Amino acid sequence: MAGGAQDNDEEITGINVTPLVDVVLVLLIIFMVTANFIVRETVEVDLPRAANGGETVQGLVNVVLDKDGKLFFDGTELSEAELSRKVTEAVAKDKDTRAIISADQSIPYGRVMRLIDVVKGQGIAKFALNIQKDAAPVPAAAPSAP
């Protein structure tokens, strides 16, 4: 034949996958080693942002439970029943209303959960719990011996 083509009638009986396995193992080792360096120690809180203090964010309500157990909705003191009505009104104005719930750390956990239930029960699906970032935990008082 012209052109130097050779007739090779031998069939390929197997494919050498060793280089493929080597590359996959090297990539696996690289991913396992680098995965240890990806550490998230943050608590993500959905807080509003404003360019200046005079602006208000539409569709956002602030619910605060102070250390005396008083309930505030956007700065106005009210009862739990009134809170339910106010949240319903806010949701009627904007169905995408979000809430920021703040509670003093001395308030019992059950009271905060009831507050969350009231907010969610009136139609607010997205809410954030307000926390003080990087606050040192308050040490528990040591029990005194009688």
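Cut-offs used in this document
- Residues numbered from 1 in each chain as written.
- Predicted model: local features only at pLDDT ≥ 70, side-chain atom pairs only at ≥ 80, totals over all residues.
- Heavy atoms only, no water.
- Helix = DSSP H or I, 4+ residues; strand = E, 2+ residues; numbered from the N terminus.
- Buried < 20%, exposed > 50% of the residue type's maximum accessible area, 1.4 Å probe, protein only.
- Pairing = 2+ DSSP bridges.
- Right-handed = clockwise from strand over helix to strand, strands pointing away.
- Axes fitted to C-alpha atoms, helices over the stretch in contact; angles between N-to-C directions.
- Left-handed = near helix turned anticlockwise from the far one by under 90°.
- Contact = heavy atoms within 4.5 Å.
- Nonpolar A, V, L, I, M, F, W, Y, C, P; charged D, E, K, R; others polar.
- Core = buried A, V, L, I, M, F, W, Y, C linked by side-chain atoms within 4.5 Å.
- Lys, Arg positive; Asp, Glu negative; His and termini not counted.
- Salt bridge = Lys/Arg side-chain N within 4 Å of Asp/Glu carboxyl O.
- Polar contact = N/O pair within 3.5 Å; in protein donor to acceptor, adjacent residues only side chain to side chain.

- In the nomenclature of an unreviewed UniProt entry, the chain is known as Biopolymer transporter ExbD of Stigmatella ashevillensis.

1. Description of the overall build of the chain
Thinking step 1. For the chain, the count of helices and strands is three helices and five strands.
Thinking step 2. Along the chain direction, N to C, the helices and strands of the chain fall in the order α-β-β-β-α-β-α-β.
Thinking step 3. Across the 146 residues of the chain, 18% fall into the buried class.

2. Focus on the pairing of strand β5 (residues 126-129)
Thinking step 1. The pairing of strand β4 (residues 98-103) with β5 spans four bridges and is parallel. For isoleucine 100, the partnering residue across the bridge sits in β5 and is alanine 128.
Thinking step 2. Viewed along the sheet, the connection from β4 through helix α3 (residues 109-121) into β5 turns out right-handed.

3. What to know about the packing of helix α2 (residues 80-93) against α3
Thinking step 1. Where α2 contacts α3, the two axes come as close as 9 Å, and the packing angle between them is 35°. Between α2 and α3 lies a crossing of right-handed hand. Across the interface between the two elements, Glu80, Leu83, Ser84 and Val87 of α2 pack against Arg111, Leu115, Val118 and Val119 of α3.
Thinking step 2. Taken together, the residues of the contact of α2 with α3 sort by class into five nonpolar, one polar and two charged.

4. So, unusual backbone geometry
Thinking step 1. Even without being glycine, aspartate 74 reaches a positive phi, approximately 50°.
Thinking step 2. Within the fold, aspartate 74 resides in the loop between β2 (71-73) and β3 (76-78).

5. Some thoughts on the nonpolar core
Thinking step 1. Formed by 19 residues in total, the largest nonpolar core has its most connected members in Val63, Leu71, Phe73, Leu83, Leu115 and Ile124.
Thinking step 2. Listed by contribution, the elements that provide at least two residues to this core are β1 (60-65), β2, α2, β4 and α3.
Thinking step 3. The residues contacting isoleucine 124, other than those within four sequence positions of it, are Val61, Val87, Val91, Thr97, Arg98, Ala99 and Val119.

6. Some details on the side chain of aspartate 66
Thinking step 1. Among the secondary structure elements, aspartate 66 is positioned in the loop between β1 and β2.
Thinking step 2. Buried aspartate 66, no salt bridge; nearest opposite-charge side chain is lysine 70, N-O distance 5.3 Å.
Thinking step 3. Here the side chain of aspartate 66 touches aspartate 68 through a polar contact of 3.2 Å, landing on its backbone nitrogen.
Thinking step 4. One polar contact links the side chain of aspartate 66 to the main-chain amide nitrogen of lysine 70, over a distance of 2.7 Å.

7. Re the sheet that holds β1
Thinking step 1. Ordered in space as β3-β2-β1-β4-β5, the five strands form an open sheet in which the pairing is mixed. Either end of the sheet is taken by a strand with one partner, and the two such strands are β3 and β5. Each strand axis lies, on average, 25° off the axis of its neighbour in the sheet, ignoring direction.
Thinking step 2. Sheet contacts for α2: β1, β2 and β3; angle to β2, the most-contacted strand, approximately 20°.
Thinking step 3. On the sheet, α3 packs against β1, β2, β4 and β5 and is oriented at approximately 165° with respect to β4.

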